[in-house]
Amino acid sequence: MTALLIKAPVEAPRPADLPPSPLEHWDLIGRRLGMRLLVKRDDLLPFPLSGNKVRKLGRELAARAVRPGDAVITNGGVDSNHCRTAALMGARLSLDVDLVLHTRANAVAKEQLSVRLASATGAQVHLVAPEEVGQRIDELTAVRAAAGQTVHVIPGGCHTKSGVEAYADAAAEMLGQLGTAPDAVVLASGTGATQAGLVAGLARAGCHSRVIGISVARTAARGGAAVQEALSWLDGDAETPIEFLDDFVDGGYAHASEATRETVRHAWRLGLPLDPTYTGKAFRGLTELARTGALRPNATVVFWHTGGLMNHLVE
Ligand SMILES: Cc1ncc(COP(=O)(O)O)c(C=O)c1O
């Protein structure tokens with residue numbers, strides 16, 4: 001047993017080490033929606049319970065050339081997919097991980113499955129009130145630095161240039177699989193880095209596909225500006241129109257309307273696992289866009305499945 005606990009130096013996983021996620025044809029659902037539907041299964045990337053975060057964080061840690069024994073400090077909500085991924089990836093890379101998770105219900109949060117999973121990796125979980133996040137990150141940074149560790153403070157959601165780059169490459173991966181530009185890509189959009197990367201990657205390849213972000217929380221004005229800003233970190237054209245729709249937010253992050261829940265239930269019955277926080281909202285957006293004709297009949301549409309199954313399991 002002790003041999004297992006010895007921290008062996010390992011190499012940071014490079015994003016290039018990830019195999020492409022499957023691009024699947026979903027003809028039955030597609031026919032019902034009047035489109036040629038493909039699903040890009042980032043929920044099936046070979047890293048557990050992470051979805052889009054494994055591409056973003058893998059690229060970020062590789063860009064920082066993290067070394068065993070370094071400290072990683074990051075933050076998010078109690079059920080943050082990003083934080084769980086940081087915990088797992090950090091454990092694999094022999095990093096010391098501090099997760100600053102905001103909550104107003106410490107006693108409940110401590111028992112939550114995602115917190116228990118993160119703790120199981122050896123990550124230090126710090127439950128704080130939302131307004132204390134910045135201060136706690138500063139304190140932890142000082143403690144780690146005083147102990148002689150190299151400290152990597154990673155923005156919540158891995159909202160970084162590397163995160164955007166990872167999705168620019170993912171767009172190229174999808175184009176390689178499909179062999180042609182789709183008419184539209186539809187995805188759940190939060191901080192906007194994933195969407196910005198897809199926009200950049202498609203533009204780099206000279207494709208004019210629509211990239212339709214379905215907001216999981218933000219208003220169209222705020223979320224659209226965030227995507228635009230993330231795009232500007234790469235070679236993105238500041239004039240590129242961003243489609244960021246806030247019609248399916250359902251009252252805010254982690255709130256889900258009955259319509260979204262019905263979409264999720266229905267998709268599971270057809271073999272497509274969705275969650276009510278991210279992909280359920282996005283897929284409901286896709287079906288509404290098809291129903292209202294905002295996606296033209298027989299269009300080739302890629303639904304980018306960003307993961308988030310844990311958000312279903314922890315409900
Ligand atoms: C499952 C899932 N889908 C989509 C998103 C949105 O990604 P982004 O923040 O890059 O817009 C997230 C972010 O937390 C996520 O966890």
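These figures come from a predicted structure and were not determined experimentally. (Residues numbered from 1 in each chain as written. Predicted model: local features only at pLDDT ≥ 70, side-chain atom pairs only at ≥ 80, totals over all residues. Heavy atoms only, no water.)

Scanning the protein for helices and strands turns up 13 helices and 10 strands. The globule rule puts the C-alpha radius of gyration for 315 residues at 20 Å, and the 19 Å found for the protein is close to it. Across its three principal axes, the protein shows a C-alpha extent of roughly 60 × 40 × 40 Å. Scored against the burial criterion, the 315 residues of the protein give a buried share of 52%. Counting only contacts in the protein whose residues sit at least 6 apart along the sequence, the fraction spanning at least 24 positions is 78%. (Helix = DSSP H or I, 4+ residues; strand = E, 2+ residues; numbered from the N terminus. Rg over C-alpha atoms; globule rule 2.2 N^0.38 Å. Buried < 20%, exposed > 50% of the residue type's maximum accessible area, 1.4 Å probe, protein only. Contact = heavy atoms within 4.5 Å.)

The next point concerns the site of the ligand. Looking at the ligand, there are 15 residues lining it, with Lys56, Gly190, Thr191, Thr194 and Thr306 nearest. Within the side chain of Thr191, a nitrogen or oxygen atom sits 2.7 Å from an oxygen atom of the ligand. Thr194 is positioned such that a nitrogen or oxygen atom in its side chain is 2.6 Å from an oxygen atom of the ligand. A majority-of-atoms criterion places the ligand in the largest pocket. Looking at the shell around the ligand, the element that brings in the most residues is helix H3 (residues 52-63), giving three residues. Split by residue class, the shell around the ligand holds three nonpolar, 10 polar and two charged. (Near = heavy atom within 4 Å. Polar contact = N/O pair within 3.5 Å; in protein donor to acceptor, adjacent residues only side chain to side chain. 1 Å grid on protein atoms, 1.4 Å probe; cavity = no way out; pocket = protein on both sides within 12 Å on 5 of 7 lines; lining within 4 Å. Sits in = over half its atoms within 2 Å of the grid points. Nonpolar A, V, L, I, M, F, W, Y, C, P; charged D, E, K, R; others polar.)

Glancing now at the sheet that holds strand E6 (residues 151-154). Pairing is parallel in the open sheet, where four strands are placed in the order E5-E4-E3-E6. Looking at the sheet topology across the chains shown, the edges are occupied by strand E5 (124-128) and E6. Neighbouring strand axes in the sheet, compared pairwise and without regard to direction, differ in orientation by 20° on average. In this sheet, E6 lies alongside strand E3 (residues 71-77) in parallel orientation, the contact comprising four bridges. When the sheet's bridge partners are listed, Ile73 is paired in E6 with Val153. Running over the sheet, helix H4 (residues 81-92) touches E3, strand E4 (96-102) and E6 and is turned about 165° from E4. (Pairing = 2+ DSSP bridges. Axes fitted to C-alpha atoms, helices over the stretch in contact; angles between N-to-C directions.)

The grouping of Leu49, Leu113, Leu117, Trp268, Leu309 and Leu313 at the surface amounts to a nonpolar patch, some 480 Å² of accessible area in total. Of all the secondary structure elements, the ones that give two or more residues to the nonpolar patch are helix H6 (113-120) and helix H13 (309-313). Note on placement: Leu49 falls in the loop between strand E2 (36-41) and H3. Of the residues examined, Leu49 reaches a relative accessible area of 38% and is grouped as partly exposed. (Patch = residues over 30% accessible without salt bridge, like charges linked within 9 Å, V, L, I, M, F, W, Y side chains within 5 Å. Areas by Shrake-Rupley, 256 points an atom, 1.4 Å probe, with all protein chains shown as cover. Salt bridge = Lys/Arg side-chain N within 4 Å of Asp/Glu carboxyl O.)

Next up on the list: the confidence of the model for the protein. Residues with a pLDDT of 70 or more make up 94% of the protein, whose mean pLDDT is 92. Here residues 1-9 is modelled with pLDDT under 50, and outside its nearest four sequence neighbours on either side it reaches five contacts, counting other chains as well. (pLDDT = per-residue confidence, 0-100.)

So, on to the side chain of Thr194. For Thr194, the location among the structural elements is in helix H9 (residues 193-204). Relative accessible area serves as the criterion here: at 5%, Thr194 is assigned to the buried category. In this structure, Thr194 is in contact with Asn52, Lys56, Tyr167, Leu187 and Thr306, ignoring residues within four places of it in sequence.

On the UniProt side, "active site" (unreviewed entry) is annotated at positions that read Ser80 here. Within the fold, Ser80 resides in the loop between E3 and H4. Of note is the side chain of Ser80, whose polar atom sits 3.3 Å from the backbone nitrogen of His82. (UniProt positions renumbered as here; feature names shortened; annotations may be inferred.)

A few words now on helix H12 (residues 279-291). Taking 1.5 Å of rise per residue, the 13 residues of H12 would be expected to cover 18 Å, and the 18 Å separating its terminal C-alpha atoms lies within 8% of that figure. Counting buried positions over the 13 residues of H12 gives 11, a clear majority of the element. Regarding H12, the residues found buried are Thr279, Gly280, Lys281, Ala282, Phe283, Arg284, Gly285, Leu286, Thr287, Leu289 and Ala290. Two residues or fewer past H12, Gly293 is found with a positive phi of approximately 85°. (Expected span 1.5 Å × (residues − 1).)

Right, let's get into the nonpolar core. If you look at the biggest cluster of nonpolar residues, it comprises 28 residues, and the most contacted ones within it are Met174, Val185, Leu198, Leu202, Val302 and Trp304. For this core, the elements supplying multiple residues, two or more each, are helix H8 (161-178), strand E7 (184-189), H9, helix H10 (220-232) and strand E10 (300-305). No other element matches the eight residues that H8 contributes to this core. The contacts of Trp304, once residues within four sequence positions are left out, are Lys40, Asp42, Arg55, Tyr167, Ala170, Ala171, Met174, Val185, Val186, Leu187 and Leu198. Residues Val39, Ala282, Phe283 and Ala299 belong to the second largest nonpolar core, which totals 27 residues. (Core = buried A, V, L, I, M, F, W, Y, C linked by side-chain atoms within 4.5 Å.)

What follows deals with unusual backbone geometry. The backbone of Leu49 shows a phi angle near 55°, a positive value even though the residue is not glycine. In this structure, Ala254 takes a positive phi of about 70° despite not being glycine. Within the secondary structure, Ala254 is located in the loop between strand E9 (243-245) and helix H11 (258-269). Taking the relative accessible area as the measure of exposure, Ala254 reaches 41% and is therefore partly exposed.

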